[in-house]
Amino acid sequence: MRSTAALKQQSGKRRIKYTTLLLFVLVIMVIIMTPEITPQDANKLIIGNRLLGPSSEHLLGTDHLGRDLLSRMIAGVRTTVGTSLLILSISMVIGVTLGLLTGFLGGLYDRMFKRIVDAFMTLPDYIFAIVLSGLLGPGFLNLLFAVIAVKWVGYARLVRSTVLQEKEKDYIKLAELAGVPALRIVKKHLLPRVMGNVFVLAALDLGKIILIIASLSYLGLGPQPPTAEWGSMLNEGRVYFNTAPHLMLAPGIAIMITVLIANICGDRLRDKLDVRMKKGA
Amino acid sequence: MLRSIVRKLLELLLFILLLSFISFCLLKLLPGDPVRSILRVDDVAVSNVQIEAMRTELGLNESLIVQYGIWLRQMLQLNLGDSYITSRPVITEFIEKLPYTLMLTLGSLLVMLIIAIPFGTLSAIYANRWIDKLSRLFSLLGSAMPSFWLGLLLIQLFAVKLQILPPMGEGSILHLIIPSLTLGIAMSAVYVRMIRASLIESAGQDFVASARARGIHPIRLFIFHTFRHSLVPLVTILSESIGSLLGGTVVIEVLFAYPGLGQWVVNAITARDYPVIQGYTLLMSCFVISINMAVEVSYRWINPQIARRGKLKS
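Residues numbered from 1 in each chain as written. Chains lettered and ligands numbered in written order. Predicted model: local features only at pLDDT ≥ 70, side-chain atom pairs only at ≥ 80, totals over all residues.

Draft legend 1. Fine view of the overall build of chain B. Check the secondary structure of chain B and you find 14 helices and zero strands. Taken from the N to the C terminus, the helices and strands of chain B come in the order α-α-α-α-α-α-α-α-α-α-α-α-α-α. Burial statistics for chain B: of 314 residues in total, 31% are counted as buried. A sequence separation of at least 24 residues applies to 72% of the contacts in chain B between residues at least 6 apart. (Helix = DSSP H or I, 4+ residues; strand = E, 2+ residues; numbered from the N terminus. Buried ≥ 20, exposed ≤ 12 C-beta atoms within 10 Å, placed from the backbone. Contact = placed C-beta atoms within 7 Å.)

This is the structure in structure tokens:
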């Protein structure tokens, strides 16, 4: 029997769950429809309007070049969060494919792969990303490449170790005995087993990737001006903290809220999948 | 025991060799011409003859393998080459900047411990009470906040509004306070929860119950049994996160114009100062890997079970 307090708590939790889900969908919609919903052109300069405070015409005020801050913030969702999601999906695809293949095939490839993955894991990833994107030169694609180069390893390692565990179980051996082709075993049995863990890792990674991208852009290594990106907007707004604090507060709070949503989603997903795993055992 | 340590060391050497080769090749393949950036420093028009002469002087006309061989031989003598920009040995500059970064790292570790230990302990003792909820909120917000933004806010608060601390640069212990606070607060967000979880877990262990049954004073029990036991996982996680801590110092050092290794390497990146970038990456990786290995080996001393389990696996 459940007490009313427990029920109340549960409904509260459910409310949080739906709120985070709703926010996530909202973010995705903003990414897709950026050009339609920005109230004004994010890159249009009106020097006469520089550093205005919030008003009915410019809800969040304007920046040091007279651009509408709200529009730039919305455009920034696409660059900052969109790029992070892109990086996340590419790293996932690379990591999952390599992890499945080497884990399932085993043997020499697997041992070689393990060495490489171990080598990558010991490298301090943050430093590596900064050095790599710095050397490739500032720019959107280089940033993408640098962060993917650091991030795919975690997925490969996770998938490989899960596959190694699963491979020893009877149902896989039975399928092999029954003559199911290897590719089909990987696709039908191993892939679904692996994806739960992968999604949890991805959800927990999203926040970290957003923070890395923001800080690389802050250092000037990300998308170049006039592209609106939250990290580089912070860098531009830094000088005007005393006269126009909204330039620094808006992007910072935006980053914080987005990462917060991502982290909460990740935690919930992990808790949920853990419960299911316990039930299955 | 000794054999496993020797094997670890050999593995380490092999790994560093591999790493050095990869980082060497990568640097050579990347866009951007160091010769042009060196000559550009003087801000005069450069002729092709000058560029060619400079290339020969720096050994950039040799084949890639020969260049690597020369570089490796120098590296074994701890000669990481000279900076293209300042013409001073990379290793000397590294040693000059190292104390600054170490000071900042230690400072932020100190801040982290000062915040995380009492907060984590209290939220473990009063689990699900208001202090626990507060610490949960703190760690949620803290881990979602970009550290450089926090730094900017702290500068605004302490240096501009209150005017009690210098905003940036270096010179005294006071200059260290805001950067250490920034990094320390960001780190403690994670550790508060970790200390709480670890403490709650160790409090449920049998040895704690048996110690309580022996009538040991609760405070003594807490410090010498529960708390001590929960430190072990903490040290592991700390050693694993040393890499990200050092990475975090890069942004913070640039933000605070603090003359440490991070600032040094970011300047080197903008100037395409290859030897400095190479030296930094290599020395930092070696540093991080050595710490991780040292921790791992020390566990084998503390807990022979781990060593045995490792043998069984392989």
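Draft legend 2. Fine view of the interface of chain B and chain A. Contacts between chain B and chain A engage 34 residues on the former and 30 residues on the latter. Considering each element in turn, the side of chain B that touches chain A owes the most residues, eight residues, to helix α11 (residues 242–255) of chain B.

Draft legend 3. Local environment of the confidence of the model for chain B. Residue and element names in this part refer to chain B. Per-residue pLDDT for chain B has a mean of 79; in total, 86% of the residues score no lower than 70. Put simply, helix α14 (residues 304–313) is where chain B has its lowest mean pLDDT, 51, and helix α5 (residues 90–125) is where it has its highest, 89. Of the regions scoring below 50 in pLDDT, residues 310–314 engages in zero contacts with residues more than four places distant in sequence or in other chains. Complex prediction metrics read pTM 0.81 and ipTM 0.78. (pLDDT = per-residue confidence, 0-100.)

Draft legend 4. Quick look at the confidence of the model for chain A. Residue and element names in this part refer to chain A. On average, residues of chain A carry a pLDDT of 80, and 86% of them reach 70 or more. When pLDDT is averaged over each helix and strand of chain A, the minimum, 70, is found for helix α1 (residues 4–37) and the maximum, 88, for helix α5 (residues 140–167). For the stretch residues 275–281, pLDDT sits under 50, and the model shows zero contacts to residues farther than four places along the chain or on other chains.

Draft legend 5. Molecular detail of the packing of helix α9 (residues 206–213) of chain B against helix α10 (residues 218–240) of chain B. All names here are of chain B. Relative to each other, α9 and α10 sit at 155°, their axes nearing to 10 Å. In terms of axis orientation, α9 runs roughly antiparallel to α10. The element α9 and its partner α10 pack so that their crossing is right-handed. Across from F207, V208, A211 and R212 in α9, the residues of α10 making contact are L221, H225 and T226. A class-by-class count of the residues in the contact of α9 with α10 yields four nonpolar, two polar and one charged. (Axes fitted to C-alpha atoms, helices over the stretch in contact; angles between N-to-C directions. Parallel < 35°, antiparallel > 145°, perpendicular 65-115°, else oblique. Left-handed = near helix turned anticlockwise from the far one by under 90°. Nonpolar A, V, L, I, M, F, W, Y, C, P; charged D, E, K, R; others polar.)

Draft legend 6. Inspection of the environment of L144 of chain A at higher detail. All names here are of chain A. Mapping L144 onto the fold places it in helix α5. Classification of L144 by C-beta neighbours within 10 Å gives partly exposed; the count is 19. C-alpha of L144 to C-alpha of A129: the two residues are 15 residues apart in sequence and 9.9 Å apart in space. L144 has contacts with T83, L86 and I87, leaving out every residue within four places of it along the chain.

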